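Chain by chain, the residues:
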Amino acid sequence: MVKCCGLQLISVYLIVIPNIPVHLLEPVFILMIPELLQGSEMNQIREENFEEKILDLFQKENISTIVLAGKAGIGKTWMARKVTSLALKEDVFDFSLFVSMSIKQIERALYYSIACQLSICSTVGELGIDDDEEAVDSVFEEMDLAALKNKILSRLSPYRLLLILDNEGKKLSIEDNVITGLLHFLSGNSLKVLITSLNEDGRHKTDGGKIVMDLKPLSPEKSLSLLQQNAGSKVFEITGARSLVEDFLNRNMELTPAEVVIIAKLLSYHQHDSGVQGLKCLLEDLSGFKNNLAILLTSSRYNKVPGGILGDFNWMDIHFFRDEGAIHYSELIAYWVMEGYLGTINCINEAYAKGHQILLELMDLQVLKELDANYLCVEKQMLDLKDKHHSGFGRTDSLGLTNVFAKSYEWHGIRGVVHKDGAIKTPGIRRKAGKHFILLLDGNSLSREDLEIFLESDEELKILGLFSARVKYLPKSLSDMKMLSVLVLRGCDFLEKIHCIKELRMLTALEISDARSLTGLPDDIFTHLTKLECLNLAGLSIEVLPISVKEFEKMAISIFIFLLLCHRISPVRSDASNHRYQPGEPVPLYANKIGPFHNPSETYRYFDLPFCIPDHIKEKKEALGEVLNGDRLVSGPYSLDFLVDKESDLLCKKKLTKEEVSQFRKAVEKDYYFQMYYDDLPIWGLIGRVDREGRAENDYRYYLYEHVHFDIQYNKDRVIDITARMDLHSVLDLTEDKEVDAEFTYSVKWNETDIPFEKRMDKYAQNSSLPHHLEIHWFSIVNSCVTVLLLTGFLATILMRILKNDFIKYTHDEESADDQDETGWKYIRGDVFRFPKYKSLFAAALGCGTQLFTLAVFIFLLGLVGVFYPYNRGALFTALLVMYALTSGIAGYTSTSFYRQLEGSNWVRNLLLTGSLFGGPLFLTFCFLNSTAIAYSATAALPFGTIIVIILIWTLVTSPLLVLGGIAGKNSGTEFQAPCRTTKYPREIPELPWYRYTIPQMAMAGFLPFSAIYIELYYIFASVWGHKIYTIYSILFIVFIILLIVTAFVTVALTYFQLAAEDHNWWWRSFLCGGSTGIFIYSYCLYYYHARSDMSGFMQTSFFFGYMACICYGFFLMLGAVGFRAALVFVRHIYRSIKCE
């Protein structure tokens, strides 16, 4: 018998949905073949006594198979169990056999299972032996399959038999050889077959003797009843909770019983949330998430299961469940032990018990489903969790064995492991047979053994793990294990030498971690490890990698494994550079800035307000981007040492003067917030509050918070998260202008978490990825695409039809055409390629627009690869500055080469104009705004040293590249390709109606592209000019592509209509029409400032409209260049298609 999960080797059935009343699990069935039924049987089978109806169908001679179909969690297995129980009770059948189709069945094991169900053979439990003994193996080895089949036939003949094929289609279908052989083998009896199947591919259809019956979800009424019985009692005690839940169920009417139970569990975990509002937010999230299981597992209230375990199930198709469809429970726990999911392992017994508890949790959550023979499979809902990032599942593995095993199709899991004598190992018979050997030992087990002797006979061992082993040297017998594939040495503090590892040439995964006494690795240790795929050397006292690391370049090892190796090597000492700390060590805390919450650009240094000042203030050196972002970090006033809890510690006592009280009161009135960084994690908080409730404006009360409580989460020796909460009851009244005594205090509480260090910044990006936010973004994209397709399709149809008619008219008959007066766009073929006025300015605008387009593309690429993750301070500003400098050569080349094509001669003046066309207004705007910031003493004012750095970048990088690009463009020697010759004198442009003038045309051209990006603009503005975080650059890139396409098409359409009206001045018009979207964006700035934001004050207003003017001007140049390039291609094409003299 299995000591861990309490399962038998051969389990008859499993109730998939535990603790659910029977009457709530009676779904509705629909018969798909009415011709087989008569009278009332043609109606829908009702919920009452439907199992009897099924038995009545089985008693019809022409019906041999019934298929119970439905999605996962609908209760198919439970229904089969109930039908079987009633069939035996009512004597409809003499025997029933159960076959799980979730496991890839081996013929010998399948018939042995059937024999056990018929009591022909004894199960392991009936033999009185544990499955960790050799008798488990001998049961199969001594079995005569032919004799066993004869015994089965003898036992079944001539009885009536019901065969249940459960979960068909998971790993086996009725077409598989093993199952078809079984059906043929049992066909001599009076056989009826009951199949449970998802039937997603429609393989089962009502035909002949087969009936397909679809199970339907619960009604909202029964869903509510089921949810009430499984959710916590306090959930429905919240006022308004019942109506919220009823509304949710009415909006989600396709719920299965399993999904209702999952939602009930989630509500139970959230029953202490902040009243009805918290419950409402939770139900909104559930409505937005197609997979309720994902919501439960990523819930902040549910953190019992390590995130690495949850994330690992996303690999099921290519690892443990790839071939067999299921995994033995002991094998799964052994895998968790090796990967480090169960934490530090000092005792295998304790780790195994913890793994067993997690198994039960996962089964209770219906992530795992129990099958027969102690095997487990993953529930169907987990298959939908394809994106680990959006599901919130982080990888915390120590070895990444899934990467190794997924590449090896010869690997079929860790077979037959057992937990015995404080170790996880393979039973004796299997070890003698040479199959997949594994041995996991802890220090306690090894203290009773001589490791040299203990491993001497294990030359064919494939997996070896030593945890917290108190050994100085690895045994020499280890070098004889030529088949060893995985070696884990974790927590071996006394280990000093590992020379014998270099002989293990079959190693694919190696971990040597937390061996503090190991100060160096042999130089040739990796020379012959050519099969190594995964390496973890974390927590070692080594400073230099061995020379043989260079051999990785010659091996079949992916480059990220080599980088992973270098990243994970770390000295024993702990400090801020590697974010590792020992208990009691100081963790760096920096105070950054303060400012009005609604004015994000108006920020000041933290100690500009009279807070408690520490004895020694140390300024942190900041990168260029951080300075541009307005960050001014100095050492913070609080002492938050690692793992040191504090309760109301005194920060300082001080008497606030009238001036200081007035200063604080003005800050509280403007909703000042503070920002700090603790181990590079951001902290925010308001410094006070205004009591306005029920008071006139002159009676408002102003309070300053005196106490701050820090909640800090940690994982091992690293800080994971920190939040600051202000004590609403510990406040200082600042209403009156008088001296007051202030006493500032703070508390610290440390809590352990399973969140890995690599995922600690994810929570700051989750707001952008919440389901309801994503729905808005995708709706915006779909809406834009549909609108654009309809409008542009309409314009394209008209345009193509007119062009087609024009081509036919112009090419139908040359002789008759010569006798007629020409009209339309062909009439101006001698003027259409006449160069525009202000050629130098036009070429400069085209060059600047091309440079800005290139800059935008590079910024998008950096965003898509994850460079601009949340609170990567100043990364965007640094990228913009550097990329603008590096792309200046593109502006110089494009402008000068096009200027020479337009037969311009003064290319030096053109180059100067190009450099100042965008940079000039930007520089003037910066000078004005920086002067304003200096007057306000705000952190937005750049220090003199930073200004010098920017000037040097412009002098040493931007200008030289601009000149080099200009010289290359001048010498390119390309001529303007005009398909028609330009006449000497221009034709007169006919009188045009008002709507064909430039400004109305620009208005029409800019409206459609702006409408395509309108919704997304709000989120961008809320991020740039607010405190929201924008991380979904993929959606933003799609919107950018739509913007380019629409701009190009609209410009082409308007250019055609302009030429058709015999107006040949299309050069500047196409550029202005393309860039007019920038004017619409600036108009949106006016709307956003007055209607969507609470910004105020001269400084914030100046920054908003000043920098947005530069951004919109940049959009004007970029989209103008796109519009002109599209129009030029179009004009060349149509005039090349006709005969030009």
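Residues numbered from 1 in each chain as written. Predicted model: local features only at pLDDT ≥ 70, side-chain atom pairs only at ≥ 80, totals over all residues. Heavy atoms only, no water.

S.K.: Account for the overall build of the chain, with residues named and values stated.
M.R.: The helix and strand inventory of the chain stands at 36 helices and 28 strands. Each of the 1141 residues in the chain was classed as buried or not, and the buried ones make up 53%. Long-range pairs, those at least 24 residues apart, make up 74% of the contacts in the chain with a sequence separation of at least 6. Summed over all atoms, the accessible surface of the chain reaches about 52000 Å², with 55% contributed by carbon and sulfur. (Helix = DSSP H or I, 4+ residues; strand = E, 2+ residues; numbered from the N terminus. Buried < 20%, exposed > 50% of the residue type's maximum accessible area, 1.4 Å probe, protein only. Contact = heavy atoms within 4.5 Å. Areas by Shrake-Rupley, 256 points an atom, 1.4 Å probe, with all protein chains shown as cover.)

S.K.: With reference to specific residues and values, describe the pairing of strand β28 (residues 740–752).
M.R.: In terms of strand pairing, strand β20 (residues 646–656) meets β28 through eight bridges, oriented antiparallel. Bridging from a neighbouring strand, Lys653 pairs with Glu743 of β28. Bridge analysis of strand β25 (residues 707–715) against β28 gives eight bridges, and the strand direction is parallel. Pairing of Asp711 across the sheet is with Lys749, part of β28. (Pairing = 2+ DSSP bridges.)

S.K.: Lay out the state of the cysteines with the relevant residues and their values.
M.R.: Using the criterion set out here, one finds one disulfide in the structure. Covalent S-S linkage joins Cys612 and Cys652, the inter-sulfur distance amounting to 1.7 Å. Its torsion about the S-S bond being -60 degrees, the disulfide of Cys612 and Cys652 is classed as left-handed. Here the residue Cys612 occupies a position in the loop between β18 (604–605) and α22 (624–628), and Cys652 occupies one in strand β20, the gap between them amounting to 40 residues. Note on accessibility: Cys612 and Cys652 belong to one class, buried. (Disulfide = S-S within 2.5 Å.)

S.K.: Break down unusual backbone geometry for me, citing the residues and quoting the values.
M.R.: In this structure, Asp91 takes a positive phi of about 60 degrees despite not being glycine. Relative to the helices and strands, Asp91 resides in the loop between α2 (76–89) and β3 (95–100).

S.K.: Got a sec to walk through the packing of helix α32 (residues 998–1024) against helix α33 (residues 1033–1060)? Specific residues and values, please.
M.R.: The interhelical angle for the contact between α32 and α33, taken along N-to-C directions, is 175 degrees, at an axis separation of 9 Å. Viewed along their axes, α32 and α33 adopt a mutual orientation that is roughly antiparallel. Contacts from Gln1001, Ala1005, Leu1008, Pro1009, Ala1012, Ile1013, Glu1016 and Ile1020 of α32 reach α33 at Ile1035, Leu1036, Val1039, Ile1042, Leu1043, Val1046, Thr1047, Val1050 and Leu1054. A per-class count over the contact of α32 with α33 returns 14 nonpolar, two polar and one charged. (Axes fitted to C-alpha atoms, helices over the stretch in contact; angles between N-to-C directions. Parallel < 35°, antiparallel > 145°, perpendicular 65-115°, else oblique. Nonpolar A, V, L, I, M, F, W, Y, C, P; charged D, E, K, R; others polar.)

S.K.: Explain the sheet that holds strand β23 (residues 688–691) to me, using residue names and the numbers behind them.
M.R.: If you trace the three strands from one edge of the open sheet to the other, you get β23-β24-β27, paired in antiparallel fashion. Edge positions in the sheet fall to β23 and β27 (731–733), since each has one partner strand and no second. Across this sheet, the average inter-strand angle for adjacent strands is 30 degrees, counted without regard to direction. Pairing of strand β24 (residues 701–705) with β27, which is carried by three bridges, proceeds in the antiparallel orientation. Residue pairing for β27: Leu704 is matched across the bridge by Leu732.

S.K.: Explain empty space enclosed by the protein to me, using residue names and the numbers behind them.
M.R.: A complete count under the given rule lists seven cavities of 30 Å³ or more for this structure. Computed from the structure, the second largest cavity encloses a volume of approximately 160 Å³. As for the second largest cavity, its lining consists of 18 residues, and the residues nearest its centre are Tyr606, Phe611, Tyr638, Tyr705 and Val708. Counting only elements with at least two residues in the lining of the second largest cavity, the list comes to β21 (672–678), β24, β25 and β28. (1 Å grid on protein atoms, 1.4 Å probe; cavity = no way out; pocket = protein on both sides within 12 Å on 5 of 7 lines; lining within 4 Å. Points joined across faces, edges and corners; volume = space filled by probe spheres on them.)

S.K.: Could you give me a rundown of the pattern of salt bridges, with the residues and numbers involved?
M.R.: When the charged atoms of two side chains lie near each other, side chains of opposite charge can form a pair. Taken as a whole and assessed by the stated rule, the structure comprises 17 salt bridges. For the salt bridge of Arg580 with Asp717, the shortest nitrogen-to-oxygen distance reads 3.2 Å. Placement of the pair is Arg580 in the loop between α21 (559–568) and β17 (589–596) and Asp717 in the loop between β25 and β26 (718–726), with a sequence separation of 137 residues. Residue class for Arg580 comes out partly exposed when judged on its relative accessible area of 22%. Using a relative accessible area of 17% as the deciding quantity, one classes Asp717 as buried. Residue Asp631 pairs with Lys593 through a salt bridge whose shortest N-O separation is 3.3 Å. Placement of the pair is Asp631 in the loop between α22 and β19 (634–635) and Lys593 in strand β17, with a sequence separation of 38 residues. Lys593 carries the same exposure label as Asp631, and that label is buried. Because the salt bridges share partners, they merge into one network encompassing Asp91, Asp94 and Arg160. (Salt bridge = Lys/Arg side-chain N within 4 Å of Asp/Glu carboxyl O.)

S.K.: Which residues make up the packing of aromatic side chains, and what are the values?
M.R.: One pass over the structure, following the stated rule, counts 55 aromatic pairs. Between the aromatic rings of Tyr1014 and Tyr1084, the centroid separation amounts to 5.6 Å while the plane-to-plane angle is 85 degrees, which identifies the pairing as edge-to-face. Taken together, the residues Tyr1014 in helix α32 and Tyr1084 in helix α35 (residues 1077–1092) connect sequence positions 70 residues apart. In this structure, Arg718 is placed above the aromatic ring of Phe757, and the distance from its NZ or CZ to the ring centre is 4.0 Å. Sitting over the ring of Phe976, Arg1132 keeps its end group 4.7 Å from the ring centre. (Phe/Tyr/Trp six-rings, centres within 6.5 Å; stacked < 30°, edge-to-face > 60°. Lys NZ or Arg CZ within 6 Å of the ring centre and 35° of its normal.)

S.K.: Explain the nonpolar core to me, using residue names and the numbers behind them.
M.R.: Among the nonpolar cores identified, the biggest contains 86 residues, and Phe1104 and Tyr1135 are the most heavily contacted of them. With 18 residues, the single largest contributor to this core is helix α36 (residues 1098–1136). Sequence-distant contacts of Phe1104, that is, excluding residues within four places in its chain, are made with Phe1021, Trp1025, Cys1085, Tyr1088, Tyr1089 and Met1095. (Core = buried A, V, L, I, M, F, W, Y, C linked by side-chain atoms within 4.5 Å.)

S.K.: Describe the sheet that holds strand β7 (residues 327–328), listing the residues and the values that go with them.
M.R.: With antiparallel pairing, the three strands of this open sheet are ordered in space as β7-β9-β8. Both edges of this open sheet fall to β7 and β8 (368–370), since each of them pairs with a single strand only. Across two bridges, β7 lies against strand β9 (residues 375–378) in antiparallel orientation. Bridging from a neighbouring strand, His328 pairs with Tyr375 of β9.

S.K.: Summarise α36; cite the residues concerned and give the values.
M.R.: The terminal C-alpha atoms of α36 lie 56 Å apart, and with 39 residues this matches the ideal 57 Å at 1.5 Å per residue to within 8%. Along α36, 28 of the 39 residues are buried, which leaves the element largely enclosed by surrounding structure. (Expected span 1.5 Å × (residues − 1).)

S.K.: Explain the pairing of strand β2 (residues 65–69) to me, using residue names and the numbers behind them.
M.R.: Among the five residues in β2, five count as buried, and that is most of the element. Across five bridges, β2 lies against strand β5 (residues 190–197) in parallel orientation. If you follow Ile66 over to β5, its bridge partner there is Leu194. Examined bridge by bridge, β2 and strand β6 (residues 210–215) share five bridges and lie parallel to one another. By the bridge assignment, Ala69 is partnered in β6 with Asp214.

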